[in-house]
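Understanding the architecture of this molecule
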Amino acid sequence: MRPEVALPVVLPLLFGAISLALWRYRTAQRVIGVLGTGTLLAAAVWLLLATWRDGVLVMHMGNWQAPFGIVLVSDLLGAIMVVLAAISGLATAVYSLTAISKRHEHYGYYPLLHLLLAGVNGAFLTGDIFNMYVWFEVMLVASFALLILGGERAQMEGAIKYVTLNLVSSAIFLSGIGLLYGLTGTLNMADIADKLADVEDTGLITVIAMMFLVSFGIKAGAFPFFFWLPASYHTPQVAVSALFAALLTKVGVYALFRVFTLIFTQDVGYTHEILLWVAGATMLTGVLGAAAQYEFRRILSFHIISQIGYMIMGLALFTPLALVGGVFYIMHHIIVKANLFLVSGLVYRLKGTYELKELGGMYRSHPILGLLFLVPALSLAGIPPLSGFFAKFILIRAGVEAESWWIVFVALLVGLLTLYSMIKIWAEVFWKAQPEEHANRPAPGPKGTGVMYGTIAVMAAMTVFIGFGAQPIYLIAEQAAHQLLDPQIYIDAVLGDRS
Amino acid sequence: METLMAFVVGGLFAAAIYMMLRRSIVKLVIGLILLSNGANLLLFTQAGMLRGAPPLVPLGATQPEGVVADPLAQALILTAIVIGFGVLAFAVVLIHRAYEVVEADDMDQMKDTDT
């Protein structure tokens with residue numbers, strides 16, 4: 001019995017409930033927001049250390065033994081994801097102290113934040129496929145409400161697309177679970193993986209695998225299912241955008257990693273080849289979409305899509321090094337992407353607009369912000385020695401070793417185009433002089449931006465740290481990939497040695 | 001019975017997709033409702049359909065006698081129905097609010113945030 005496995009799920013639920021009970025007390029909610037996410041980070045680090053030390057940890061909920069009860073399982077990938085979720089949760093909570101207006105706080109921003117984190121962590125830790133569906137829904141409902149907080153027209157329009165496509169995805173996921181249950185008679189993922197090895201009808205398994213690919217592809221924003229993402233991610237409060245950008249698509253990516261390493265490995269030549277094409281197309285369409293945009297957050301939204309392509313590429317190549325690259329990429333991406341959104345929020349705070357054409361002169365007026373933007377931006381493009389360089393380097397090296405030349409070419413090209421997009425933002429927002437007619441646009445003003453600066457600086461420092469301390473991060477990612485590639489470790493940990 | 005259910009599920013999915021492709025947001029939500037019901041029925045059918053065989057353990061025995069229906073699938077569907085109900089209730093409120101803000105029932109007039 002390992003209590004630390006359940007803590008990352010229980011803590012946000014607890015703090016969410018407390019936060020709900022203190023509905024009228026704004027200050028208390030803010031304190032609990034920071035306190036709760038801080039505690040969550042501590043619990044997540046504890047979980048990661050314990051998983052690193054003792055291998056895959058399992059907790060049987062209610063002491064019902066697997067495969068009959070629901071289990072929470074923490075392997076290294078899950079534990080890493082939980083830590084990253086806690087980091088972005090804490091960053092968002094701190095940033096929200098000044099970024100979220102009183103009106104939005106009164107609509108219940110903080111309770112929703114906690115519930116979202118509970119859903120995300122639940123999805124990362126559960127070892128039961130139907131339970132994963134339930135956590136997905138917990139996360140979705142919280143994200144729906146966060147997305148429309150404030151109720152402006154753009155939010156409504158974005159939310160309709162977001163809600164529709166995510167519900168379609170959930171229905172496909174549920175159908176896939178149904179077929180899988182019909183085939184194996186179990187819901188425990190380790191048990192499914194164990195039983196599928198004996199199933200003769202691999203054709204049906206591949207069909208189910210494709211249903212899961214479509215369902216998680218929608219959630220991850222993979223090609224050709226990503227259209228909800230750029231239509232909705234730039235509409236909510238920027239702190240919400242940052243949290244969504246960091247976590248929601250990554251839950252889809254995590255689910256893809258989980259099912260396509262543990263369950264659907266019967267016909268790797270077919271399924272992972274499709275994944276590879278999806279990865280290439282996702283990278284390209286995302287980055288080209290970003291090149292056409294001139295709105296700060298829309299550019300960033302499109303870049304989420306292209307980055308998702310890299311992660312799926314790591315999964316699709318399915319070699320040890322490629323999986324290391326995929327895991328490393330997720331770690332790098334969550335920090336960097338959240339930080340870029342936080343920067344865009346600070347720019348808006350100071351200048352009152354997100355339109356690149358109307359911005360300018362920020363480097364002259366706010367040089368520190370310029371530097372703080374450059375760190376994550378160049379990291380996203382993959383400039384050494386920042387974190388993105390090592391993430392891309394491992395993936396491309398893996399592609400070369402697998403002799404998948406075209407995906408290597410696409411990955412390099414997309415890296416170059418990413419640099420173009422980031423330089424575009426740099427040139428338009430920071431470097432050029434601001435157009436005269438927009439110079440006096442009313443802005444919320446610099447009051448309280450110290451907290452925002454602090455959050456951005458800490459996140460940027462983490463990016464630099466991942467870059468310079470790539471070796472220990474690589475070791476963790478390598479161990480996580482090792483556990484992914486050998487599903488028997490996971491199965492034995494959950495079911496015990498039954499042989 | 002399973003064959004019939006297969007056609008019902010297929011029909012529900014087809015109708016759902018047709019409704020979701022319409023421009024009206026009300027029809028969109030109707031499509032979503034049909035889709036979630038189709039998925040639930042698929043889950044139900046997959047577990048095997050048995051009539052009049054409740055999974056009850058007789059007094060004094062440790063396991064049920066003979067062939068019984070699978071209770072787990074029904075628990076899953078119950079969960080899925082409850083979740084679906086909650087989410088769809090949200091969707092109904094959302095389209096109502098969207099209708100008030102946009103003043104139209106037409107998806108073609110909700111393209112401001114697209115690219």
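Small disclaimer: the values here were computed from a predicted structure and weren't measured.

Structural notes on the overall build of chain B
- When its secondary structure is counted, chain B shows three helices and zero strands.
- In chain B, the order of α-helices and β-strands from amino to carboxyl end is α-α-α.
- A compact globule built from 115 residues would reach a C-alpha radius of gyration of about 13 Å, whereas chain B, at 20 Å, exceeds it by more than 25%.
- Each principal axis of the C-alpha atoms in chain B carries an extent, and together these give about 65 × 30 × 25 Å.
- Sorting the 115 residues of chain B into buried and exposed places 36% on the buried side.
- When contacts within chain B are restricted to residue pairs at least 6 apart in sequence, long-range pairs at least 24 apart make up 54% of them.
- In the structure as shown, chain B presents an accessible area of about 6900 Å², 66% of it carried by carbon and sulfur atoms.
- Taking the average location of the 6 positive side-chain charges in chain B and that of its 10 negative ones, the two points are 7 Å from each other.

Digging into the overall build of chain A
- In terms of regular secondary structure, chain A is built from 21 helices and two strands.
- Computed over the C-alpha atoms, the radius of gyration of chain A is 22 Å, within 12% of the 23 Å expected from 2.2 N^0.38 for a compact globule of 499 residues.
- Considering only C-alpha atoms, chain A reaches an extent of 75 × 55 × 40 Å along its principal axes.
- Every one of the 499 residues in chain A was classed for burial, and the buried ones make up 65%.
- Residue pairs at least 24 apart in sequence account for 82% of intrachain contacts in chain A once pairs closer than 6 positions are excluded.

Quick word on the pattern of salt bridges
All names here are of chain B.
- Applying the stated criterion across every chain, the model contains eleven salt bridges over all chains.
- Between Arg23 and Asp108 there is a salt bridge, with its nearest N and O atoms 3.4 Å apart. You can see Arg23 sitting in the loop between helix H1 (2-20) and helix H2 (25-46) and its partner Asp108 sitting in the segment after helix H3 (71-102), a full 85 residues away along the chain.
- Residue class for Asp108 comes out partly exposed when judged on its relative accessible area of 39%.

Some words on the nonpolar core
- Counting residues in hydrophobic clusters, the biggest one holds 221 residues, and the most contacted among them are Ile129, Phe212 and Phe264 of chain A.
- Here this core takes 20 residues from helix H14 (residues 320-351) of chain A, the largest share from any one element.

Description of the confidence of the model for chain B
- When pLDDT is averaged along chain B, the result is 88; 99% of the residues meet or exceed 70.
- When mean pLDDT is compared element by element in chain B, H1 of chain B scores highest at 93, while H3 of chain B scores lowest at 90.

A word on the UniProt feature "domain: NADH:quinone oxidoreductase/Mrp antiporter transmembrane" (unreviewed entry) in chain A
- Following the UniProt record, the feature "domain: NADH:quinone oxidoreductase/Mrp antiporter transmembrane" (unreviewed entry) maps to residues 127-417 of chain A here.
- Secondary structure across residues 127-417 of chain A divides into 80% helix and 0% strand, with the first and last C-alpha atoms of the span separated by 38 Å.

Re the pairing of strand E1 (residues 57-60) of chain A
Residue and element names in this part refer to chain A.
- Going residue by residue along E1, you find Leu57 and Met59 tucked away on one face and Val58 and His60 tucked away on the opposite face as well.
- When E1 meets strand E2 (residues 71-74), the two strands line up antiparallel, connected through four bridges. Bridging across to E2, His60 finds its partner in Val71.

Re the interface of chain B and chain A
- The interface is formed by 37 residues belonging to chain B together with 38 residues belonging to chain A.
- At the boundary of chain B with chain A, total buried surface from both sides reaches about 3100 Å², with 76% on carbon and sulfur atoms.
- Of all residues in chain B, the largest losses of buried area upon contact with chain A belong to Phe90, Leu94 and Thr113 of chain B, amounting jointly to 20% of the total for that side.
- Scanning the region where chain B abuts chain A turns up three residue pairs in polar contact (both at pLDDT 80 or more).
- Elements represented by at least two residues in the side of chain B that touches chain A include exactly H1, H2 and H3 of chain B.
- A per-element tally of the side of chain B that touches chain A places H3 of chain B first, with 16 residues.

Remarks on the environment of Leu485 of chain A
Residues and elements named next belong to chain A.
- Along the chain, Leu485 falls in helix H20 (residues 470-485).
- Overall, Leu485 belongs to the partly exposed group, its relative accessible area being 30%.
- Placed 52 residues apart in sequence, Leu485 and Ala433 show a C-alpha to C-alpha distance of 52 Å.
- Residues in contact with Leu485, not counting those within four places in the same chain, are Phe318, Thr319, Pro320 and Leu323.

Quick look at a nonpolar patch on the surface
Residue and element names in this part refer to chain A.
- A cluster of nonpolar side chains, contributed by Val10, Leu14 and Ile18, occupies part of the molecular surface with about 220 Å² of accessible area.
- For Val10, the location among the structural elements is in helix H1 (residues 3-21).
- A relative accessible area of 42% places Val10 in the partly exposed class.

Observations concerning the UniProt feature "transmembrane region" (unreviewed entry) in chain B
Residues and elements named next belong to chain B.
- Following the UniProt record, one finds the feature "transmembrane region" (unreviewed entry) at residues 6-21, 28-52 and 72-95.
- Overall, residues 6-21 shows 94% helix and 0% strand. The separation of its end C-alpha atoms is 23 Å.
- Secondary structure over residues 28-52 splits into 76% helix and 0% strand, and the C-alpha atoms at its two ends are 38 Å apart.

A short note on H1 of chain A
Residues and elements named next belong to chain A.
- Taking 1.5 Å of rise per residue, 19 residues should cover 27 Å, and H1 covers 26 Å from first to last C-alpha, within 8% of that figure.
- The largest bend along H1 measures about 35 degrees and falls at Val9, with the proline Pro12 one to four residues further on.
- Taken residue by residue, H1 has Glu4, Val5, Ala6, Pro8, Val9, Leu11, Pro12, Phe15, Gly16 and Ser19 as its buried positions.
- Residues of H1 that are buried make contact with helix H2 (26-54), E1, E2, helix H3 (76-99), helix H5 (109-125) and helix H6 (129-147).

Focus on the packing of aromatic side chains
Residue and element names in this part refer to chain A.
- Summed over the entire model, instances satisfying the criterion amount to 30 aromatic pairs over all chains.
- Note on Phe212 and Phe216: the rings are 5.7 Å apart at their centroids and 55 degrees apart in plane angle, and the pair reads as tilted. With Phe212 and Phe216 both in helix H9 (residues 202-220), this residue pair falls four residues apart, about one helical turn. As far as the burial class goes, Phe212 and Phe216 line up, both buried.
- Note on Tyr348 and Tyr354: the rings are 4.5 Å apart at their centroids and 10 degrees apart in plane angle, and the pair reads as stacked.
- Residue classification places Tyr354 among the buried residues on the basis of a relative accessible area of 10%.
- Site record: aromatic cluster; members linked through ring pairs are Phe130, Tyr133, Phe136, Phe173, Phe212, Phe216, Phe260 and Phe264.
- We note Arg297 situated over the ring of Tyr354; from NZ or CZ to the ring centre the distance is 3.9 Å.
- Directly above the ring of Tyr310 sits Lys392, whose terminal nitrogen or CZ lies 4.8 Å from the centroid.

About the criteria used
- Residues numbered from 1 in each chain as written.
- Chains lettered and ligands numbered in written order.
- Predicted model: local features only at pLDDT ≥ 70, side-chain atom pairs only at ≥ 80, totals over all residues.
- Heavy atoms only, no water.
- Helix = DSSP H or I, 4+ residues; strand = E, 2+ residues; numbered from the N terminus.
- Rg over C-alpha atoms; globule rule 2.2 N^0.38 Å.
- Buried < 20%, exposed > 50% of the residue type's maximum accessible area, 1.4 Å probe, protein only.
- Contact = heavy atoms within 4.5 Å.
- Areas by Shrake-Rupley, 256 points an atom, 1.4 Å probe, with all protein chains shown as cover.
- Lys, Arg positive; Asp, Glu negative; His and termini not counted.
- Charge placed at Lys NZ, Arg CZ, Asp CG, Glu CD.
- Salt bridge = Lys/Arg side-chain N within 4 Å of Asp/Glu carboxyl O.
- Core = buried A, V, L, I, M, F, W, Y, C linked by side-chain atoms within 4.5 Å.
- pLDDT = per-residue confidence, 0-100.
- UniProt positions renumbered as here; feature names shortened; annotations may be inferred.
- Pairing = 2+ DSSP bridges.
- Buried area = accessible area lost by both parts, 1.4 Å probe.
- Polar contact = N/O pair within 3.5 Å; in protein donor to acceptor, adjacent residues only side chain to side chain.
- Patch = residues over 30% accessible without salt bridge, like charges linked within 9 Å, V, L, I, M, F, W, Y side chains within 5 Å.
- Expected span 1.5 Å × (residues − 1).
- Bend = angle between axes of the 7 residues up to and from the residue.
- Phe/Tyr/Trp six-rings, centres within 6.5 Å; stacked < 30°, edge-to-face > 60°.
- Lys NZ or Arg CZ within 6 Å of the ring centre and 35° of its normal.

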